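# Coordinate inspection notes
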Amino acid sequence: MSATALKSEPVKVFDYFKYLLSPMILGAHAYGLWLGGNYAWLGLAMLLGVLFFDAFLPRDYSMRDQNYVRIYDVICAVTVLCSFANIFFYSWLVGQDHFVGSSAELGAFLSTLFIGFVVGAPPVHELFHREEFVLRWLGRIGQCLVFDTWREITHVVTHHMRVATPDDPDYARRGDTVYGHIARTFPAQWKEAYHLEKMMWTKRGRKWYDPRNAWVWKAATLITFTAILAALGGFKGALLAILSLLLGPRMLLEVFNYVNHYGLISATPGRFQKHHTWNHITPMVRILALEITNHAGHHDDSYKPFYKLEPDPNGPVQPQFLLVVILALVPPLFFMMIKPLLKHWDQHYATPQEREIARRENERAGWHELNTPDPARDLPKGIWDMRGKLTERQRASVSSATLGAA
């Protein structure tokens, strides 16, 4: 659609205000930390309340208003800056022994952990994908909020080029548990990041310690960030702040990767197609995650800003994001949920070559039932209507057990 056509359409003002939800949660979290006591749970309670409400909403396939897109960028940048302010504030409060009692300490830690993942990480990811210098610089600095300034390296290169293949360090194959995935993906990411960085400094004829090398600046950024945390909160404040980042944004990002690409197969590495990733298209998750759960659109063009991503109403979907993340932590429950969806993907999305690879993957995982058609229980081809709800005819044709999995 041309810019002229966009300008002629009515401005959907609410589209811009939606994305203020993230700064609002960060503000509520900071206020709860300041009040202390049981109020330290305020941010987490607000976040979980939003996600719980989201679980009962139909899927949202609408496009965002694009008349004044700079507003989105400003909100995104403000969210990153507020996330920095929150982690510094938390470290300082811990250093001041502000949280009295185990409930306050636990509430402050868990709120910082989960808000860092759901609210803090998405704008960082959004901005380090950008081509505009200032926004991309903020995204790269923002990787301190996942306490891994090297995360961008493998993500923008290897992950986006090799998605849905075993060569992608972020990929989970059929039969993998989230715990096995985490144990495998971190060393694989570090190895790949080292390989890519070494290739760059070698190609340019530099020593490994040359200040112009990207990894040197990344290391210096992380050291500076850690020093600020320590200056504000001392050893304890810095330790708990870093631990909240490692167990929250850093670790849970891999849980996100685990569920969002689980078991899908590409027979054409480097040539992404929209059925090569799962999507989570509920309204509040789209807002909080800055459309990253509209994952097919992001992989189709990783440089496209979040507000320009077009949801795919016909792509493979999973249940609500919070539910899937919780299920991933209990492998038997996750497998009960994902198996019918993978079987449906094999039957209705996979190309003939991908279907053959999927058959072998199912055999390797011991999931032989995925290779055996079962008309009474298999998900029908058109299981989702445009609103993401089952049609009445489809609902009658699917067993209650299968519906629970879908």
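Residues numbered from 1 in each chain as written. Predicted model: local features only at pLDDT ≥ 70, side-chain atom pairs only at ≥ 80, totals over all residues. Heavy atoms only, no water.

### What to know about the packing of helix H3 (residues 21-35) against helix H6 (residues 102-128)
Put simply, the test is: Note on definitions: angles span 0 to 180 degrees between N-to-C directions of axes, and those axes are lines fitted to C-alpha atoms, for helices only across the stretch in contact. A helix here means a DSSP run of H or I that spans at least four residues, while a strand means a run of E at least two residues long, and both kinds are numbered starting from the N terminus. An angle below 35 degrees is read as roughly parallel, one above 145 as roughly antiparallel, one from 65 to 115 as roughly perpendicular, and any other as oblique. Should the near helix be turned anticlockwise from the far one by less than a right angle, the crossing is termed left-handed; should it be turned clockwise, right-handed. Any two residues having at least one pair of non-hydrogen atoms within 4.5 Å are treated as being in contact. Amino acids outside the nonpolar list (Ala, Val, Leu, Ile, Met, Phe, Trp, Tyr, Cys, Pro) and the charged list (Asp, Glu, Lys, Arg) are all regarded as polar, and Gly is one of them.
For the pair H3 and H6, the least separation of the axes is 11 Å and the interaxial angle reads 170°. Classified by the interaxial angle, the pair formed by H3 and H6 is roughly antiparallel. Where H3 crosses over H6, the handedness of that crossing is left-handed. Of the residues in H6, those touching H3 at Ser 22, Ile 25, Leu 26, His 29 and Leu 33 are Ala 108, Ser 111, Thr 112, Ile 115 and Val 119. Tallied by class, the residues present in the contact of H3 with H6 amount to 6 nonpolar, 4 polar and no charged.

### Observations regarding unusual backbone geometry
Spelled out, the test is: Buried means the residue's accessible area, taken with a 1.4 Å probe over protein chains only, is under 20% of the maximum for its type, while exposed means over 50%, and partly exposed covers the values in between.
The phi torsion at Leu 290 lies on the positive side, around 50°, for a residue other than glycine. Looking at the element boundaries, Leu 290 is found in the loop between helix H11 (283-288) and helix H12 (295-300). What makes Leu 290 buried here is its relative accessible area of 9%.

### Things to note about the side chain of Gln 318
Our working rule: Nitrogen and oxygen atoms within 3.5 Å of one another constitute a polar contact, given that in protein one can donate a hydrogen and the other can accept it, and given that sequence-neighbouring residues count only through two side-chain atoms.
In this structure, Gln 318 sits in the loop between H12 and helix H13 (321-328). Note on Gln 318: relative accessible area 0%, which makes it buried. At 2.8 Å, the side chain of Gln 318 forms a polar contact with the side chain of His 280. Setting aside anything within four residues of it in sequence, one finds Gln 318 in contact with Arg 59, Val 259, Trp 278, Asn 279, His 280, Val 324, Ile 338 and Leu 341.

### Re the confidence of the model for the protein chain
The criterion, for reference: Per-residue confidence from the predictor is given as pLDDT, running between 0 and 100.
Counting all residues, the mean pLDDT for the protein chain is 89, and 92% of those residues have values of 70 or more. pLDDT under 50 marks residues 1-7. Its contacts with residues more than four places away, or in other chains, come to 6 contacts. Low pLDDT (under 50) marks residues 384-406, which in the prediction has 39 contacts with non-local residues, meaning those over four places away or in another chain.

### Describing the nonpolar core
Using the following cut-off: Here the nonpolar core consists of buried residues drawn from Ala, Val, Leu, Ile, Met, Phe, Trp, Tyr and Cys, with membership extended through side-chain atoms lying within 4.5 Å.
Core analysis: the biggest nonpolar cluster contains 84 residues, and Tyr 262, Phe 334 and Ile 338 have the highest contact counts within it. Considering every element that reaches this core, the biggest residue donor is helix H10 (residues 214-260), with 12 residues. Ignoring sequence-local partners within four residues, the contact set of Phe 334 consists of Tyr 258, Val 259, Tyr 262, Val 324, Leu 327 and Ala 328.

### Observations regarding the pattern of salt bridges
Oppositely charged side chains may form a pair once their charged atoms are brought near each other. Let me state the cut-off plainly: Whenever a carboxyl oxygen of Asp or Glu lies within 4 Å of a side-chain nitrogen of Lys or Arg, that contact is scored as a salt bridge.
Inspection of every chain in the model, using the stated rule, returns 27 salt bridges. A salt bridge links Arg 64 to Glu 291; its shortest N-O distance comes to 3.2 Å. A residue pair is termed long-range when its members are at least 10 positions apart, and Arg 64 in the loop between helix H4 (42-54) and helix H5 (70-95) and Glu 291 in the loop between H11 and H12 qualify at 227 residues. Note that Arg 70 is salt-bridged to Asp 73, the shortest N-O span being 3.3 Å. Of this pair, Arg 70 and Asp 73 both sit in helix H5, separated by 3 residues, roughly a single helical turn. Overall, the relative accessible area of 46% leaves Arg 70 in the partly exposed class.

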